[in-house]
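Spelled out from the first residue to the last, the chains are:
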Amino acid sequence: MPFTQLISLDLAADDKQLGSSLRAAHRVVGALNRGKTATWLGLGSSVIPASADRPRSLKQMAAFLGDVLDPAQSHGALLLQITGVAPDAVRKAAEQALDGLPQWQIRWRLDGFRPGNRTENGRGLARNPFHFTEGYGNPATAAAVTERAAVAAGQGEPAWAIGGSYQVVRIIRLATDFWDRDTVREQERIIGRRRDGRWLDGTPSTEQPAFTADPHGTITPLDAHVRRAAPDRRHPPPLVRRGYNYHHGPDDQGLIFSCFQRDLKKGFEAVQHRLQGEAMAKYALTVGGGYFFVPPPGDSWLDALT
């Protein structure tokens, strides 16, 4: 869905009411999952009781090189993400949700939108604030999405977490004025793709480029974003992305980067470490976000935690 609102919540009630507060949040989400909106919860590390079996990689998101995390825009005990077909539908659902959650207080909230939102060859695509189309790197089938994003048996995760997913949220402020001073050709070399998704070597967007045939970065620079993120296109990063743009004015606009994976270290964190030193770094500043665990469908996870 092309519009979203993310609401990070902390528990306002006594810790002894955690169980009932989580169940209330689960009920609220269930009531909002209808035609014009789709909603889910993400659990922050602080909301998992000490006595419970927690997802093994769930922790507070640390600052990576170059990040300047604002505590007022970071972390949270619970993430409520509402997506919808129109901004009014999202806002109405958000207010309805908050009315039903007096046990929780807002830590931060952010609206997002996806310009050019569409599906091509099974992939959801949209245009980011740098004028480039995103989403080509995602898998094209539901089975492949599940393979990358959903926790499976045998990973050493708690039984209640199987079928869930680690969600990473990154609020990335983008220097769009600075970016727009560059030529389109320079922008494409920084990203490593054409604006329409084609690869710099002429390979169509739906196929994989031959980076091995360009070992010195003559065609696609070695510090290009896509080459740093996934240097071996035959083995893409095991994650699924879903980004939204945000706009708070000319000096505060950017991307709500979000990705889902079964393993944080092999997914987002591996990519983030590879991106250090990329050419795009001087145009982007991560100021918030967090790590969350989206529980599997149903309510058995509530019994395990409460």
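Here the structure is a predicted model, which is why all the values come from computation and not from measurement.

What counts as what
Residues numbered from 1 in each chain as written. Predicted model: local features only at pLDDT ≥ 70, side-chain atom pairs only at ≥ 80, totals over all residues. Heavy atoms only, no water. Helix = DSSP H or I, 4+ residues; strand = E, 2+ residues; numbered from the N terminus. Rg over C-alpha atoms; globule rule 2.2 N^0.38 Å. Buried < 20%, exposed > 50% of the residue type's maximum accessible area, 1.4 Å probe, protein only. Contact = heavy atoms within 4.5 Å. Lys, Arg positive; Asp, Glu negative; His and termini not counted. Charge placed at Lys NZ, Arg CZ, Asp CG, Glu CD. Pairing = 2+ DSSP bridges. Expected span 1.5 Å × (residues − 1). 1 Å grid on protein atoms, 1.4 Å probe; cavity = no way out; pocket = protein on both sides within 12 Å on 5 of 7 lines; lining within 4 Å. Points joined across faces, edges and corners; volume = space filled by probe spheres on them. Nonpolar A, V, L, I, M, F, W, Y, C, P; charged D, E, K, R; others polar.

Asker: Just checking my understanding: could you explain the overall build of the protein chain for this structure?
Answerer: If you tally the helices and strands in the protein chain, you get 8 helices and 12 strands. Its C-alpha atoms give the protein chain a radius of gyration of 19 Å, within 12% of the compact-globule value 19 Å for 306 residues. Across its three principal axes, the protein chain shows a C-alpha extent of roughly 60 × 45 × 35 Å. Looking at the 306 residues of the protein chain, the share that counts as buried comes to 52%. Counting contacts in the protein chain only where the partners sit at least 6 residues apart, residues at least 24 apart contribute 74% of the total. In the protein chain, which carries 37 positive and 32 negative side-chain charges, the distance between the mean positions of the two groups comes to 3 Å.

Asker: Where do I start with the sheet that holds strand E5 (residues 118–120) in this structure?
Answerer: By definition, the strands of a sheet pair up through backbone hydrogen bonds, in either a parallel or an antiparallel sense. Here 3 strands make up an open sheet; going across it, the order is E5-E6-E7 and the pairing antiparallel. The open sheet terminates on both sides in strands that have one partner only, identified here as E5 and strand E7 (133–134).

Asker: Whenever I open this one, helix H1 (residues 18–32) confuses me. Can you help?
Answerer: Because an α-helix completes one turn every 3.6 residues, residues spaced three or four positions apart along the sequence face the same direction. Helix length check: H1, at 15 residues, gives a terminal C-alpha distance of 21 Å against a target of 21 Å (1.5 Å per residue), a fit within 8%. Of the surrounding elements, those touching the buried residues of H1 are strand E1 (3–11), strand E2 (37–43), strand E3 (78–84), helix H2 (87–99), strand E4 (104–113) and helix H8 (300–305).

Asker: What's the story with the pairing of E3 in this structure? I'm lost.
Answerer: Here is the key point about a regular strand: its side chains alternate between the two faces of the sheet. Among the 7 residues in E3, 7 count as buried, and that is most of the element. With 7 bridges connecting them, E1 and E3 associate as antiparallel partners. Bridging from a neighbouring strand, Thr-4 pairs with Thr-83 of E3. Alignment of E2 against E3, held across 7 bridges, turns out to be antiparallel.

Asker: Please explain unusual backbone geometry as it appears in this structure.
Answerer: Residues other than glycine predominantly adopt negative phi, and peptide bonds predominantly adopt the trans conformation. The phi torsion at Asn-121 lies on the positive side, around 50°, for a residue other than glycine. For Asn-121, the location among the structural elements is in the loop between E5 and strand E6 (123–127). The residue His-131 is not glycine, and still its phi comes out positive at about 75°. Take His-131: it is sitting in the loop between E6 and E7.

Asker: Can you help me understand the pairing of strand E12 (residues 284–294) in this one?
Answerer: Within E12, 9 of the 11 residues are buried, which leaves the element mostly enclosed by the surrounding structure. As defined by bridge partners, strand E8 (residues 165–174) adjoins E12 across 10 bridges and the pair is classed as antiparallel. Paired with Ile-171 across the bridge in E12 is Gly-288.

Asker: Any chance you could explain the layout of surface pockets here in plain terms?
Answerer: To find leftover empty space, a probe the size of one water molecule is rolled over the atoms. Of the voids in this model, the second largest pocket is the one considered here, and its volume is about 840 Å³. Thr-39, Trp-40, Ser-165, Phe-260 and Val-294 are the residues nearest the centre of the second largest pocket, which is lined by 39 residues in total. Secondary structure elements with two or more residues in the lining of the second largest pocket: H1, E2, E5, E6 and helix H3 (142–149). With 4 residues, the single largest contributor to the lining of the second largest pocket is E2. Across the lining of the second largest pocket, the residue classes tally to 19 nonpolar, 16 polar and 4 charged.

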